[in-house]
Amino acid sequence: MAQPLHAGIPVTVERFAVVGSGSAGRRYLRLMSELRPDAHLVLVTSGMGGQKDLPKEATTVVSSIQEAVRLGLTAAVVASPAPQHVEQALVLVSAACPTLIEKPVATDSSDCEALVRAATRSGSFVGVAYTLRFDLAAQQFRSQIIDSSVGTILQARIECGSYLPDWRSGVDYRTSVSARADLGGGVLLELSHEIDYCRWFFGEIDHVQGFLTNTGNLAVEVEEAAHVLLRTTSGLTVALIIDFHRRVPRREVVVQATTGEYHWNALMNTVTRTSGDRPPVKRSFSQTRDDMFRRQIVDFLDKSKLGLSPVVDLVDASITLRVVEAVRLSDLSGSRVYV
């Protein structure tokens, strides 16, 4: 049942729903309350955790999306575990509610088809939250490497890794969504950001050769690391290394081009160009992770209101998911797999 509130909200008040009370859902609630302080925020929980320790930003708490929809929503964010995304988003989209879905959009690309059809029928805005698209340094890096003055890109390397037990303070990492296959865990789905921005930087992926690893050191049931070669449709080879087990975090992209080396350090928020004997040219950006989420939320709310296309739509996000699936199949078969 909904907490007593709402029959009497004026129709002019914005009503935003956030589905999921985990770390992502709590971040969206907190930032949406800052960005739209007069809005009515509806938290949709599973009902399994009771009413303790719920985010203070939630004006109303309900236990089903149907209850939230009946309140009359301006927009909604789906920030639950990935296996629940499509089923939950279908309810929102069928009600013509603009919806932003946390990455990955699903755990199986075939599940996206029903959601695409529903969004097409209702004409609803549906975006997928690949937050690094709103990273200022990443945007600058992309502008550099797609510029003709770079010359020819010869090769690229993407590397991202950190220590999973350090991800969420006070939480047993072995029970988190990242570590559980039934909740969409594993390094490929958790770090699918890297595949998304690989496509954004370098173009579509033609085929992959991948190797997945579980050393047993973390005592989790999902892959801890992935080593992948991705070949784009333009013929560029990109080396990708992502993992859960390194003690010294790293998130970076290095591009070798005929005019020099281009480097994006996502942890330091820097973009560096090095060419020949000349001193490196480095540009730094002042931003926090919250800043990227704020830009993403504002973009979502503005574009959905204006009827514009999302930065990452369902088709775009499903392609990233198909690349993930191709890597899994490549690891199983020991051969290259075409996307």
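Model, not experiment: these values are computed from the prediction.

Rules of the game
Residues numbered from 1 in each chain as written. Predicted model: local features only at pLDDT ≥ 70, side-chain atom pairs only at ≥ 80, totals over all residues. Heavy atoms only, no water. Helix = DSSP H or I, 4+ residues; strand = E, 2+ residues; numbered from the N terminus. Rg over C-alpha atoms; globule rule 2.2 N^0.38 Å. Buried < 20%, exposed > 50% of the residue type's maximum accessible area, 1.4 Å probe, protein only. Core = buried A, V, L, I, M, F, W, Y, C linked by side-chain atoms within 4.5 Å. Contact = heavy atoms within 4.5 Å. Disulfide = S-S within 2.5 Å. Salt bridge = Lys/Arg side-chain N within 4 Å of Asp/Glu carboxyl O. Axes fitted to C-alpha atoms, helices over the stretch in contact; angles between N-to-C directions. Parallel < 35°, antiparallel > 145°, perpendicular 65-115°, else oblique. Left-handed = near helix turned anticlockwise from the far one by under 90°. Nonpolar A, V, L, I, M, F, W, Y, C, P; charged D, E, K, R; others polar. Arc of directions from axis to C-beta. Pairing = 2+ DSSP bridges.

Draft legend 1. Spatial organisation of the overall build of the protein chain. Each helix and strand in the protein chain was counted, giving 9 helices and 15 strands. Rg of the C-alpha trace for the protein chain: 21 Å, near the compact-globule value of 20 Å for 339 residues, within the 12% margin. Expressed along its principal axes, the backbone C-alpha trace of the protein chain runs to roughly 70 × 40 × 40 Å. A buried classification covers 51% of the 339 residues belonging to the protein chain.

Draft legend 2. Here's a closer look at the nonpolar core. In terms of nonpolar packing, the biggest core is built from 79 residues, with Val 105, Phe 141, Phe 201, Phe 202, Val 208, Val 253 and Trp 264 touching the most fellow members. In contact with Phe 141, not counting residues within four places along its chain, are Phe 201, Val 253, Val 255, Tyr 262, His 263, Trp 264 and Val 271.

Draft legend 3. How the structure looks around the state of the cysteines. All chains considered together, the criterion is met by 0 disulfides. We note that Cys 112 lacks a disulfide partner, and the nearest cysteine sulfur, in Cys 97, lies 19 Å from it. Judged by relative accessible area, Cys 112 falls into the buried class, the value being 2%. The thiol of Cys 198 is unpaired, and the distance to the nearest cysteine sulfur, on Cys 160, comes to 13 Å.

Draft legend 4. Seen up close, the pattern of salt bridges. Applying the stated rule across the entire model yields 25 salt bridges. Here Lys 305 and Glu 14 are joined by a salt bridge, their closest N and O atoms 3.6 Å apart. Of this pair, Lys 305 sits in helix 8 (residues 289-306) while Glu 14 sits in the segment before strand 1 (15-19), placing them 291 residues apart in sequence. The residue Asp 196 makes a salt bridge to Arg 133 at a minimum N-O spacing of 2.9 Å. One end of the pair, Asp 196, is in helix 7 (residues 192-202); the other, Arg 133, is in the loop between strand 6 (126-129) and helix 5 (136-145), with 63 residues separating them in the sequence. Of the residues examined, Asp 196 reaches a relative accessible area of 2% and is grouped as buried. Salt bridges linked by common partners bring Arg 157, Glu 159, Asp 243, Arg 246, Arg 250 and Glu 252 together as one network.

Draft legend 5. Inspection of the environment of Thr 237 at higher detail. Relative to the elements of secondary structure, Thr 237 occurs in strand 10 (residues 237-243). Note: C-alpha distance between Thr 237 and Ala 68 (169 residues apart in sequence) is 46 Å. Other than its neighbours up to four places away in sequence, Thr 237 contacts Gln 155, Ala 156, Leu 229, Leu 230 and Arg 231.

Draft legend 6. Expanded view of the packing of helix 1 (residues 23-35) against helix 8. At a closest axis distance of 10 Å, the pairing of helix 1 and helix 8 adopts a crossing angle of 70°. The orientation of helix 1 relative to helix 8 falls into the category roughly perpendicular. As for the relative orientation of helix 1 and helix 8, their crossing is right-handed in sense. Within the contact between the two elements, helix 1 uses Arg 27, Tyr 28, Arg 30, Leu 31, Met 32, Glu 34 and Leu 35 and helix 8 uses Arg 289, Asp 290, Phe 293, Arg 294, Gln 296, Ile 297 and Val 298. For the contact of helix 1 with helix 8, the per-class residue count stands at 7 nonpolar, 1 polar and 6 charged.

Draft legend 7. How the structure looks around helix 3 (residues 85-94). Turning to helix 3, its buried residues number three or more, namely His 85, Val 86, Gln 88, Ala 89, Leu 92 and Val 93. Projection of helix 3 onto a plane perpendicular to its axis shows the buried side chains occupying an angular sector of 160°, all on one side. Away from its buried face, by an angle of more than 90 degrees, helix 3 presents the exposed residues Glu 87 and Ser 94. Packed against the buried residues of helix 3 are strand 1, helix 2 (65-70), strand 4 (75-78), strand 5 (99-102), helix 4 (112-122) and strand 6. Immediately beyond the C-terminal end of helix 3, within one or two residues, lies Ala 96, with a positive phi of roughly 60°.

Draft legend 8. Highlighting the pairing of strand 13 (residues 270-274). In terms of strand pairing, strand 12 (residues 260-265) meets strand 13 through 5 bridges, oriented antiparallel. Opposite His 263, over in strand 13, you have Thr 272 as the bridge partner. Count of turn residues in the strand 12/strand 13 antiparallel hairpin: 4 residues, of which Asn 269 carries a positive phi of about 60°. As judged from the 4 bridges shared by strand 13 and strand 14 (residues 281-284), these two strands associate in the antiparallel manner. Bridge pairing links Thr 272 to Lys 282 in strand 14. In textbook terms, the turn of a hairpin is the stretch between consecutive antiparallel strands, and for strand 13 and strand 14 this stretch comprises 6 residues, one of which, Gly 276, has a positive phi near 60°.

That's the geometry; what it means functionally is another story.
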